[in-house]
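Structural characterization, general
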Amino acid sequence: MRFVRELTSWSSGTADPEQFPYPAVVAEFHRVGKHFVEKELLALLDQVRARVDARTTPGRQLSTFLDVALDKWDARYDYRSYLALPLLPLPTGSPTRSTDAEPAEPTAARRERDRLLVDLVSDALAFELAAAADLTDLLPEQRPGPTVVAKRCRLGVRVGLAALTRLGLAGAVTDRDPVGAAVALHRLAVADRDPTRDRVLRLSMLPVYVSHDEYLFIRVLQAYECLFAGVAEELRATITALATGRPRPAAARLAYARDLISDAGPLFSLLATMQPTAFRTFREYTEGASAIQSRSYKLMESLCRAPEPDRLDSTAYRSVPEVRDLVRGGQPSIDQEYRAAVRDGRLRDTDHDLVRQAMAAFAEAVVTWRRTHHRLAIRMLGPRSGTGYTEGTPYLAAVRAVPVFTAVSADPRPPRTDPIGGCPE
Ligand code: HEM
């Protein structure tokens, strides 16, 4: 077997982490799905891991990759390892103190996130197109038909275009045909991609099974992680600006965060094209990995407002102990800084209106996200329980109502009732 041959040859040679036979290992995981890789092969990888020197950059990457690949073997499989989040260049999310200086220039961080978003989405579309053209035998089960592929291209391109617009590259993809536009988006993404980013993309796709739609599922979740991490960064900057008497930058950072969430709306529509039967097939093997373990989502939530004690003590926050610790350690929030600024007379007149409106608009975007998520979960999951050990959609129905802020409520618009992705539920 190629896997064993290449691994043995690498181990008995220089065992240079840079030369690790990643393609052979990933190919074996892809052939059967992570859940079904033979124990003997995992044992070999485990032996390699024990000898990796993680003090160098290539060694660290190999060690991280092996931790992701061996999560089921180690019995510590979860949402982060399923999505290979430790391999992705996401913002680190260091804790905030309200007195911290605002990061000097958000542009570089924003650009990095948008490039990653374009990489993830365009890669998902490239896989759709390669499979439709019979150019790959990766994840061969339950392939979608051409109409669904075209719809995926259309929706994926919309998300990509929003990021390209922020990057100042909107004019680079002009094709009106969804497939042509997806090809153009992918060409643009790979044009200046360095080998490190390319490798990260390859290593961060380890589906548990061999069903086609799991590729889309993983990339959409990774894309959301990228967005939530970005939103959390913007919220931290909002807190700092409020605490240091700069209401206009505070409102601007919050408005930017709102746009990030709203512009990514088509991601849910994209995921809604997933075939429920395919989803139910591969989720048999994702038990224990749930987005309830998403740190960036709970960071986003808790930076808006400290959660109530009962929520902090529930599965919602027990599933993200690092964030729970931050909250218990007194992490500041927008709600708290806003109240303090109003109380101390530091927020007045138009500045006050500006911040309050930005808060209301941001809250509305989050509430819309929750509603859409709930509808999508109903469609895909029905009455089944969640992989994060909640009762499933009843949990989501309940958390929809958790206030984003207490000081300001969401825009009082009527709830959206349009079906996800424009197709009947
Ligand atoms: C097929 C699509 C999806 C289904 C069926 C689904 C289902 C669920 C369920 C049942 C839960 C409750 C926790 C559990 O027991 O697992 C949950 C939580 C959650 N999901 Fe999803 N989900 C889907 C897509 C997504 C996507 C694309 C995201 C984006 C990251 C996401 C983010 C979250 C978050 C952040 C939570 C935790 C919410 C909270 O604790 O307040 N989900 N999901």
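Residues numbered from 1 in each chain as written. Predicted model: local features only at pLDDT ≥ 70, side-chain atom pairs only at ≥ 80, totals over all residues.

1. A closer look at the overall build of the chain
Within the chain, the regular secondary structure consists of 20 helices and zero strands. Computed over C-alpha atoms, the radius of gyration of the chain comes to 22 Å, within 12% of the 22 Å expected from 2.2 N^0.38 for 425 residues, which places it in the range of a compact globule. Looking at the 425 residues of the chain, the share that counts as buried comes to 43%. For the chain, contacts bridging at least 24 residues in sequence account for 77% of all contacts bridging at least 6. (Helix = DSSP H or I, 4+ residues; strand = E, 2+ residues; numbered from the N terminus. Rg over C-alpha atoms; globule rule 2.2 N^0.38 Å. Buried ≥ 20, exposed ≤ 12 C-beta atoms within 10 Å, placed from the backbone. Contact = placed C-beta atoms within 7 Å.)

2. Section: the confidence of the model for the chain
For the chain, per-residue confidence averages 92 on the pLDDT scale, and residues scoring 70 or more make up 93% of the total. Ignoring residues within four places in sequence, the model shows residues 414-419, a span with pLDDT below 50, making five contacts including any to other chains. (pLDDT = per-residue confidence, 0-100.)

3. A word on the domain arrangement of the chain
What the domain assignment reports for the chain is domain 1 (2-76) and domain 2 (107-422). Listed as interface residues are eleven residues of domain 1 and, on the opposing side, nine residues of domain 2. Counting only elements with at least two residues in the side of domain 1 that touches domain 2, the list comes to α2 (22-32) and α4 (57-69). The leading source of residues in the side of domain 1 that touches domain 2 is α2, at five residues. Classifying every residue of the side of domain 1 that touches domain 2 gives seven nonpolar, three polar and one charged. (Domains from an automatic or database assignment. Nonpolar A, V, L, I, M, F, W, Y, C, P; charged D, E, K, R; others polar.)

4. Examining the nonpolar core
In terms of nonpolar packing, the biggest core is built from 117 residues, with Leu-227, Leu-271 and Met-359 touching the most fellow members. Top contributing element to this core by residue count: helix α10 (residues 213-243), with 19 residues. The two domains that each donate at least three residues to this core are domain 1 (2-76) and domain 2 (107-422). Once residues within four sequence positions are removed from consideration, Leu-271 is found in contact with Leu-216, Phe-217, Val-220 and Leu-376. (Core = buried A, V, L, I, M, F, W, Y, C linked by C-beta atoms within 7 Å.)

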